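# Residue-level structural notes
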Amino acid sequence: MIKINVHRDQQNQPQRVMIQGHAGYGEHGKDIVCAAVSGISIGIVNAIEKLLDVQVVTEASEPGWLDCQLPLDMDAELHAKVVLLMEAMIEALSDVAAQYPKYVQIHDMKKE
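Given the structure is predicted, the values throughout are model-derived calculations rather than measurements. (Residues numbered from 1 in each chain as written. Predicted model: local features only at pLDDT ≥ 70, side-chain atom pairs only at ≥ 80, totals over all residues. Heavy atoms only, no water.)

### Some details on helix H2 (residues 76-99)
Note on helix geometry: an α-helix contains 3.6 residues per turn, so any two residues three or four positions apart are oriented the same way. In a regular helix each residue adds 1.5 Å, so 24 residues correspond to 34 Å; H2 covers 35 Å between its end C-alpha atoms and thus fits that length. Among the residues of H2, Val82, Val83, Met86, Met89, Ile90, Leu93, Val96 and Ala97 are the ones counted as buried. Where H2 is buried, its residues meet strand S1 (2-8), strand S2 (14-20), helix H1 (32-51), strand S4 (65-69) and strand S5 (104-108). The residue sitting at the N-terminus of H2 and contributing the capping side-chain oxygen is aspartate 75; that oxygen lies 3.1 Å from the backbone nitrogen of glutamate 77. (Helix = DSSP H or I, 4+ residues; strand = E, 2+ residues; numbered from the N terminus. Expected span 1.5 Å × (residues − 1). Buried < 20%, exposed > 50% of the residue type's maximum accessible area, 1.4 Å probe, protein only. Contact = heavy atoms within 4.5 Å. Polar contact = N/O pair within 3.5 Å; in protein donor to acceptor, adjacent residues only side chain to side chain.)

### Quick word on the confidence of the model for the protein chain
Close reading of the predicted structure is inappropriate where its pLDDT is low. Across the protein chain, the average pLDDT comes to 92, with 97% of residues at or above 70. Put simply, strand S3 (residues 57-59) is where the protein chain has its lowest mean pLDDT, 76, and H2 is where it has its highest, 97. (pLDDT = per-residue confidence, 0-100.)

### Details of the layout of surface pockets
Of the volumes computed, that of the largest pocket is approximately 360 Å³. What lines the largest pocket is a set of 20 residues, among which Gly21, His22, Cys34, Ser38 and Gly64 lie closest to the centre. Broken down by element, the residue count for the lining of the largest pocket peaks at five residues, all from H1. Tallied by class, the residues present in the lining of the largest pocket amount to nine nonpolar, nine polar and two charged. (1 Å grid on protein atoms, 1.4 Å probe; cavity = no way out; pocket = protein on both sides within 12 Å on 5 of 7 lines; lining within 4 Å. Points joined across faces, edges and corners; volume = space filled by probe spheres on them. Nonpolar A, V, L, I, M, F, W, Y, C, P; charged D, E, K, R; others polar.)

### Regarding the sheet that holds S3
Reading across the sheet, the five strands line up as S3-S4-S2-S1-S5 and stay open at both edges, with mixed pairing between neighbours. Bordering the open sheet on either side are S3 and S5, each of which pairs with just one other strand. Recorded for the sheet is a direction-independent mean angle of 20° between the axes of neighbouring strands. Set on the sheet, H1 makes contact with S1, S2, S3, S4 and S5; between it and S4 the angle comes to about 35°. Contacting S1, S2, S4 and S5, H2 crosses the sheet at an angle of about 40° to S2. (Pairing = 2+ DSSP bridges. Axes fitted to C-alpha atoms, helices over the stretch in contact; angles between N-to-C directions.)

In C-alpha cells form, the structure reads like this:
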C-alpha cells in the first residue's frame, strides 16, 4: 500500500508531503496505481523545481519514497505559487486514493 501523509502549517497550507510504499495493484513495472502516484508527485515536484526554482524534495533515497517539504525562506508571492502547486498535487493524489482505497491511503492533517 502507498501511504501519503500531508502536514500543514498554522494557516492550513501544505508544508510537507511524504509518500512511501508500493501499491501492489499490479505486477512490478505495470502497476497503474503506482504509475499514477509517481506521475502526479514527480510531475508536480519537477514543475515546482524547474519553473519556480524552488527545491522541495528533501529525500528520495529509494524507490517508493518521496519526502517534499517547503523551504521556509520564500517571499510571499513565491510561497503562494508553491502552495498552489502542492495543493494541486494533494488533490490529484486524493482522487487516486478515492478510486483505489485498498492501494493508496492519504492522511491529510487539515486544520478544521
